Amino acid sequence: MLMKKALGAMAVTGMLAFAGSAVADEKIKIGVSYPTPTHAWAAGMNWHAEQAEKRLEELYPDVDLILVNSPDPEAQASALEDLVSVHQIDALVVLPFESEPLTDPVLNVKKSGAWITVVDRGLSQPGIEDLYVAGNNPELGRVSAQYMKTRLKDGDNIVVLRGIPTVIDNERFDAFMAEIEGFGINVLDHKHANWNRDDGFEVMQDFLSRFPDIDAVWAQDDDIAIGVVAALKQAGRDGDGMFVVGGAGMKEIIKGIMDGETLIPVDVLYPPAMIATAMDATVQAFKSNGPVAGRYILGATLITKDNAESYYFPDSPF
Amino acid sequence: MVTSSTETTAKRSSIDFKTIGPALALLILCIIGFLLNPSFVSEGNLTNLLTRSAFIGIIAVGATFVITAGGIDLSVGSMAAAISGVMIIIMNNAVDTMGTGVATVLLGCGCAVVLGIGAGWINGALTTKGKIEAFIVTLGTMGIYRSLVTYFADGGTLSLNFDIRGTYRPVYYDSFLGLPYPVWVFIGVAICGWLLLNRTAFGRYCTAIGSNEAVARYSAINVDRVKTLTYVIQGLCVSFATIIYVPRLGSASASTGVLWELEAIAAVIIGGTVLKGGYGRIGGTILGALILTTIGNILNFTDLISNYLNGTMQGLIIIVAVLLQRSDWKLGKSK
């Protein structure tokens with residue numbers, strides 16, 4: 001299957017090379033490599049990458065973006081090798097599956113002389129990438145906590161639903177806890193809901209049975225938030241000013257915010273569109289007269305009714 | 001009939017512990033839950049618990065047949081996800097022609113049943129006619145069904161049309177005589193399963209094939225047909241579980257039903273069914289499903305244990321529950 005794909009890719013590039021050599025071999029080739037979308041956030045990323053490819057290739061006819069997605073770290077490592085040997089890319093935009101197993105493959109691409117842009121997940125060795133584009137996990141926790149402080153007062157109770165036990169989850173959680181410290185908000189308990197609707201529903205059901213008085217929920221993620229809302233409605237506790245704060249920027253949630261939903265009044269951005277930011281910046285590394293190399297950390301914007309429209313992509317799967 | 005009754009007499013002295021073991025484990029868990037937080041036994045929480053165990057419980061009733069007949073089905077979680085996905089797509093597409101009423105929901109449910117039976121039959125036919133080990137067949141279909149739902153959802157989440165959700169929602173959230181509908185489905189499936197396994201020739205054939213397939217074949221049992229039927233029953237159970245799962249959140253994605261197969265198998269084994277086949281207990285399976293759900297519930301009710309150790313607690317309790325009913329302990333005798 002993979003073999004077939006690779007052969008297909010080789011055949012196609014072979015043809016392109018024949019056609020290309022006649023016209024102009026001067027195209028700037030940029031490989032974009034990321035995991036095969038298996039959950040909604042990644043599917044959104046895939047969509048935004050495809051949109052950016054269309055837009056950038058229209059804008060710059062001499063730029064050729066090659067999107068490749070891989071189902072596991074080993075496949076991604078081989079995909080990177082192919083991008084160098086078959087396509088001879090001038091730059092690589094990569095969202096690594098895992099840091100450790102992909103550090104060496106990316107280093108090899110770097111040795112071929114290509115520009116390297118790393119997205120979202122850092123490599124395990126510093127100094128390989130020219131540009132690093134990422135969302136801001138601690139900031140997501142901090143912004144969520146700051147919003148909680150505007151809505152709650154001393155002595156109010158909240159519960160927290162966390163993601164999958166990972167560094168990302170810890171960064172968000174620790175920053176949230178640090179920000180609310182000393183304000184008098186009681187965190188009744190925090191449990192892992194694995195960035196998943198079903199787990200969000202069940203954990204919230206149990207929180208509702210356990211705690212009679214909850215004023216707000218930090219769900220950290222939009223999928224969890226959807227499960228939480230279903231549990232609140234089932235228990236009939238969706239009234240009396242209770243609110244839920246999620247995160248990421250799922251289109252259904254953003255739509256709700258635009259429509260003035262009170263149960264999920266805001267969202268904190270951790271956008272899958274960051275891949276498009278990375279692709280834009282990488283093209284600018286070849287096109288702009290300004291320097292591009294460095295670290296580009298996106299803000300964790302608080303999405304409210306006022307600015308929701310600019311973050312709403314109805315056609316994206318996320 | 002004759003063989004099964006002699007077997008019962010031979011095992012009589014240890015059979016008590018086999019029956020009581022899972023019930024005892026569940027009772028102990030409930031007492032722990034109550035001591036940790038008295039609201040554990042509140043009506044709301046008990047209803048949640050029963051409703052939640054319905055998914056795994058119904059699937060595990062099907063798995064009891066497969067395992068009793070010496071097979072295994074690893075594809076049930078993925079199958080549930082794929083059926084939910086197709087069901088949602090069918091109902092969304094039927095809105096234009098059939099509206100958002102009960103007819104559309106029934107169409108969706110009907111398709112789910114057909115798909116479940118079909119998927120089960122594929123597993124069964126590949127195992128018996130194709131002569132491939134059940135583990136490999138269902139490992140393969142597990143991957144196929146899981147990637148199909150990812151493909152249908154375009155990597156994201158399939159969501160049910162908002163108006164149909166309104167029609168369909170009561171199937172999960174409403175109650176009859178104080179018990180939510182999913183619990184009634186669970187009870188119905190459990191009773192049918194118990195009758196089928198313990199009171200029919202088919203049930204005895206399953207047990208006979210599981211204990212010794214060759215002997216069953218010489219005894220003129222149509223082994224291939226019975227084994228295929230166990231997978232069809234499993235598929236049917238998965239579609240029932242799906243029918244009550246979809247109205248809960250009205251969505252399906254690649255993360256739907258992940259690891260349900262292992263939970264179902266664990267429920268079956270905790271309940272006293274033997275993994276290598278030949279001995280099955282539907283009652284035990286039900287208790288096993290309840291035990292698994294209760295563990296998760298209790299862990300959410302306490303902050304005494306680090307979140308990171310949830311898996312450890314679950315593993316320990318599963319092993320202790322099986323240990324309780326397998327070991328001969330003091331009352332056990334030789335044999």
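- Looking at an unreviewed UniProt entry, chain B carries the name ABC transporter permease, with the source organism given as Roseibium porphyridii.
- UniProt lists a comment for chain B under the heading Subcellular location (unreviewed entry), and it reads "Cell membrane".

**Let's talk about the overall build of chain B**
At step 1: The secondary structure content of chain B amounts to 14 helices and 4 strands.
At step 2: A principal-axis box enclosing the C-alpha atoms of chain B has dimensions of 65 × 55 × 40 Å.
At step 3: By the burial criterion, 49% of the 335 residues in chain B qualify as buried.
At step 4: In chain B, the proportion of contacts linking residues at least 24 apart, taken out of those at least 6 apart, comes to 81%.

**So, the sheet that holds strand S6 (residues 157-162) of chain A**
Hydrogen bonding along the main chain pairs the strands of a sheet, whether they run parallel or antiparallel.
Residues and elements named next belong to chain A.
At step 1: Taken together, the 4 strands give an open sheet; going across it, the order is S7-S6-S8-S9, and neighbouring strands pair in parallel fashion. Where the open sheet ends on each side, the last strands, each with one partner, are strand S7 (186-192) and strand S9 (243-245). Between one strand axis and the next, the sheet turns through 20° on average, direction left out of account.
At step 2: Summarising the sheet, S6 and strand S8 (residues 216-218) pair through 3 bridges and their orientation is parallel. Bridging across to S8, valine 159 finds its partner in valine 217.

**A short note on unusual backbone geometry**
All names here are of chain A.
At step 1: One non-glycine residue, aspartate 120, lies in the positive phi region at around 65°.
At step 2: Within the secondary structure layout, aspartate 120 lies in the loop between strand S4 (115-119) and strand S5 (131-134).
At step 3: Notably, alanine 248 is not glycine yet its phi reads approximately 125°, a positive angle.
At step 4: Checked against the element boundaries, alanine 248 lands in the loop between S9 and helix H9 (251-258).

**With respect to the interface of chain A and chain B**
At step 1: Across the contact, 28 residues belong to chain A and 25 residues belong to chain B.
At step 2: Per-element accounting of the side of chain A that touches chain B gives the leading share, 9 residues, to helix H7 (residues 197-210) of chain A.

**Topic: the confidence of the model for chain B**
At step 1: Of all residues in chain B, 92% attain a pLDDT of 70 or more, and the chain-wide mean is 89.
At step 2: Here residues 1-14 of chain B is modelled with pLDDT under 50, and outside its nearest four sequence neighbours on either side it reaches 6 contacts, counting other chains as well.

**Describing the nonpolar core**
At step 1: Formed by 91 residues in total, the largest nonpolar core has its most connected members in Ile58(B), Ile59(B), Cys237(B), Ala241(B) and Ala264(B).
At step 2: Element by element, the count of residues in this core is highest for helix H11 (residues 223-249) of chain B, at 13 residues.
At step 3: Those residues in contact with Ala241(B) that sit more than four places away from it in its chain are Phe55(B), Ile58(B), Ile59(B) and Ala80(B).
At step 4: Grouped together as the second largest cluster of nonpolar side chains are 90 residues, Trp41(A), Met45(A), Leu83(A) and Tyr270(A) included.

**A few points about the environment of Pro96(A)**
Residues and elements named next belong to chain A.
At step 1: By the element assignment, proline 96 lies in the loop between strand S3 (91-94) and helix H4 (99-111).
At step 2: Sequence spacing of proline 96 and glycine 122 is 26 residues, and the spatial spacing of their C-alpha atoms is 7.7 Å.
At step 3: In this view, proline 96 contacts Leu102, Val118, Arg121 and Leu123; residues no more than four positions away in its chain are not counted.

Cut-off values and rules
- Residues numbered from 1 in each chain as written.
- Chains lettered and ligands numbered in written order.
- Predicted model: local features only at pLDDT ≥ 70, side-chain atom pairs only at ≥ 80, totals over all residues.
- UniProt positions renumbered as here; feature names shortened; annotations may be inferred.
- Helix = DSSP H or I, 4+ residues; strand = E, 2+ residues; numbered from the N terminus.
- Buried ≥ 20, exposed ≤ 12 C-beta atoms within 10 Å, placed from the backbone.
- Contact = placed C-beta atoms within 7 Å.
- Pairing = 2+ DSSP bridges.
- Axes fitted to C-alpha atoms, helices over the stretch in contact; angles between N-to-C directions.
- pLDDT = per-residue confidence, 0-100.
- Core = buried A, V, L, I, M, F, W, Y, C linked by C-beta atoms within 7 Å.

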